[in-house]
Amino acid sequence: MADSYDTAPLAARMTEFVPHAAGVGMTLVSVGDGRGVMRVEWREDLVGDPDTGVIASGVVTALIDHTCGLAINAVFDAPSPIATLDLRIDYLRPAAPRTGVTCEAFGYKTTRSIGFVRAEAWDVDKGDLIATAQAAFMLNPRS
Amino acid sequence: MDAIAIQSLDAFLQRVPYVRYLGMRVELAGDEMTAVLPFADHLIGNPVLPALHGGVIGAFLEMTALAQLALAQPARRVPKTIDITIEYLRPARPQETYARAILRKVGRRVANVQVEAWQDSRSSPVAGMTGHFLLRTDR
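Residue positions are counted from 1 within each chain, in the order its sequence is given. Written order determines the labels here, with chains lettered from A and ligands numbered from 1. Note on the predicted model: pLDDT of at least 70 is required for a residue's local features to be given, and 80 or more for side-chain atom pairs to be given and counted; whole-chain, interface and lining totals, by contrast, use all residues.

Trainee: Kindly report on the overall build of chain A, identifying the contributing residues and their values.
Mentor: Secondary structure elements follow DSSP: runs of H or I no shorter than four residues count as helices, runs of E no shorter than two count as strands, and numbering proceeds from the N terminus. In terms of helices and strands, chain A carries three helices and eight strands. When the elements of chain A are put in sequence order from the N terminus, they spell out α-α-β-β-β-β-α-β-β-β-β. Atoms counted for the radius of gyration: C-alpha only. Globule rule: 2.2 Å times residue count to the power 0.38. Expected size for 143 residues packed as a compact globule is a radius of gyration near 15 Å; at 15 Å, chain A falls within 12% of this value. Out of the 143 residues belonging to chain A, those deemed buried represent 43%. Note on burial: count the other C-beta atoms lying within 10 Å of the residue's C-beta; 20 or more is buried, 12 or fewer is exposed, in between is partly exposed, and C-beta positions come from the backbone.

So, in structure tokens, the structure goes:
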């Protein structure tokens, strides 16, 4: 890793430079125009239900939180310091056993202080969601 | 607190690979349960501050709610999460984090659980969560 966190490309800053994102194996699928897509692959140690082998909802929570942050970065087309105010997740159904999860987040409104984001997560088919989410972020929380 | 409930709770938690990944455990004092999340590098979400990942805090709060429900109803299957709302109050620093859950309502099919997480001082929580959980009677 030649880059530092501040100078690294966005994809790296959202993955390998964030220990938890790197730890669960999050990858950036696409980003742009206020939208971001990220994915986490299924792994034995991320299972939440040992009877079925379904990925833990906690992993989905982390992926959604992270992808929402990516969407805010996509709105400003630049790295922006943010802090999550709240995050509401509806778990529509469990993911399929031994299957990873993809999340798409969309920053649909930003003010000077606040960013509002919606997100959807699916396992196999984008038309058959496993979770939907709504989040609010504080922009430039230290300023 | 009877021994069966404690054993069942511990078994419930340690069987879940993701709980072991987080490194979380629970402690019991009488009927009062405290969940403990020791600090580990792989839980960091903001390397600049640094702070724990918001998703880690969310997952920890949710697992605390499920553990509290398992403690209250050891014979039942693990409830399914319907929805959660997480409120982030302060950055969670790279140190040990604690959480306690309150079962605000346990109905026939749905439970409403409130959880709060803190670090140095319980009066300055780092995050809170309210969640609805589907209770399952089938074995």
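Trainee: Break down the overall build of chain B for me, citing the residues and quoting the values.
Mentor: From N to C terminus, chain B includes three helices and eight strands. In sequence order, chain B lays out its α and β elements as α-α-β-β-β-β-α-β-β-β-β. Expressed as lengths along the three principal axes of its C-alpha atoms, the size of chain B is roughly 45 × 25 × 25 Å. Counting across all 139 residues of chain B, residues that qualify as buried make up 40%. Counting contacts in chain B only where the partners sit at least 6 residues apart, residues at least 24 apart contribute 64% of the total. A residue pair is marked as a contact if its C-beta atoms, positioned from the backbone, fall within 7 Å.

Trainee: Give a description of the environment of Leu63 of chain A that names residues and reports values.
Mentor: Within the secondary structure, Leu63 of chain A sits in helix 3 (residues 57-76). Distance from Leu63 of chain A to Val24 of chain A, taken between C-alpha atoms, is 9.2 Å for residues 39 residues apart in sequence. Residues within four places of Leu63 of chain A in sequence aside, it is in contact with Met26, Met38, Val40, Val101, Cys103 and Ala121 of chain A together with Gly55 of chain B.

Trainee: Lay out the sheet that holds strand 2 (residues 32-37) of chain B with the relevant residues and their values.
Mentor: When DSSP finds two or more bridges between a pair of strands, those strands are recorded as paired. Read across the open sheet, the twelve strands follow the order 1(A)-2(A)-6(A)-7(A)-8(A)-5(A)-5(B)-8(B)-7(B)-6(B)-2(B)-1(B); overall the sheet is antiparallel. Strands at the two margins of the open sheet, each flanked by one partner only, are strand 1 (26-32) of chain A together with strand 1 (25-29) of chain B. Each neighbouring strand pair of the sheet contributes to a mean axis angle of 20 degrees, computed without reference to strand direction. Sheet topology places strand 2 of chain B next to strand 6 (residues 97-106) of chain B; three bridges connect them, and they run antiparallel. Looking across to strand 6 of chain B, one finds that Val36 of chain B is bridged to Tyr98 of chain B. Packed onto the sheet, helix 3 of chain A meets strand 1, strand 2 (35-40), strand 5 (82-91), strand 6 (101-110), strand 7 (114-122) and strand 8 (129-139) of chain A together with strand 5 (80-88) of chain B and runs at close to 40 degrees relative to strand 6 of chain A. To define axes, lines are fitted to C-alpha atoms, for helices over the stretch in contact only, and angles between the resulting N-to-C directions are given on a 0 to 180 degree scale. Strands in contact with helix 3 (residues 54-72) of chain B are strand 5 of chain A together with strand 1, strand 2, strand 5, strand 6, strand 7 (110-118) and strand 8 (127-134) of chain B; relative to strand 6 of chain B, the strand with the most contacts, it is inclined by about 50 degrees.

Trainee: I'd love a proper account of the interface of chain A and chain B, names of residues and values included.
Mentor: Contact with chain A, which involves 30 residues of that partner, is made by 28 residues of chain B. For the side of chain A that touches chain B, the elements supplying multiple residues, two or more each, are helix 2 (19-24), strand 3 (47-49), helix 3 and strand 5 of chain A. All residues other than Ala, Val, Leu, Ile, Met, Phe, Trp, Tyr, Cys, Pro, Asp, Glu, Lys and Arg, Gly among them, are scored as polar; the first ten of these are nonpolar and the last four charged. Considered class by class, the residues forming the side of chain A that touches chain B number 16 nonpolar, eight polar and six charged. Relative to strand 5 of chain B, strand 5 of chain A runs antiparallel, the two sharing five bridges.

Trainee: An account of unusual backbone geometry is needed here, citing residue identities and associated values.
Mentor: Outside of glycine, negative phi angles account for most residues, and trans bonds account for most peptide bonds. At the junction of Leu49 of chain B and Pro50 of chain B, the peptide bond is cis and its omega measures out at -10 degrees in the coordinates. In this structure, Pro50 of chain B sits in the loop between strand 3 (44-46) and strand 4 (51-52). Here the phi dihedral of Asp33 of chain A falls at roughly 55 degrees; this positive angle occurs in a residue that is not glycine. Relative to the helices and strands, Asp33 of chain A is located in the loop between strand 1 and strand 2.

Trainee: Help me get a handle on the pairing of strand 5 of chain A, residues and values and all.
Mentor: As defined by bridge partners, strand 5 of chain A adjoins strand 8 of chain A across nine bridges and the pair is classed as antiparallel. Note on strand 8 of chain A: the bridge partner recorded for Ile89 of chain A is Ala133 of chain A.

Trainee: Describe helix 3 of chain B, and please don't skip the residues or the numbers.
Mentor: In this scheme, a helix's expected span is set at 1.5 Å multiplied by one less than its residue total. In this model, helix 3 of chain B (19 residues) spans 27 Å end to end at C-alpha, consistent with the 27 Å of a helix rising 1.5 Å per residue. The element helix 3 of chain B is largely enclosed, with a buried count of 18 among its 19 residues.

Trainee: Before we move on, could you go through the nonpolar core and cite the residues and values that matter?
Mentor: Definition of nonpolar core: a set of buried Ala, Val, Leu, Ile, Met, Phe, Trp, Tyr and Cys residues joined via C-beta atoms within 7 Å. Counting 82 residues, the largest nonpolar core has Val59, Leu63 and Ile64 of chain A together with Phe60 and Leu61 of chain B as the members making the most contacts within it. Sorting elements by how many residues they give to this core places helix 3 of chain B first, with twelve residues.

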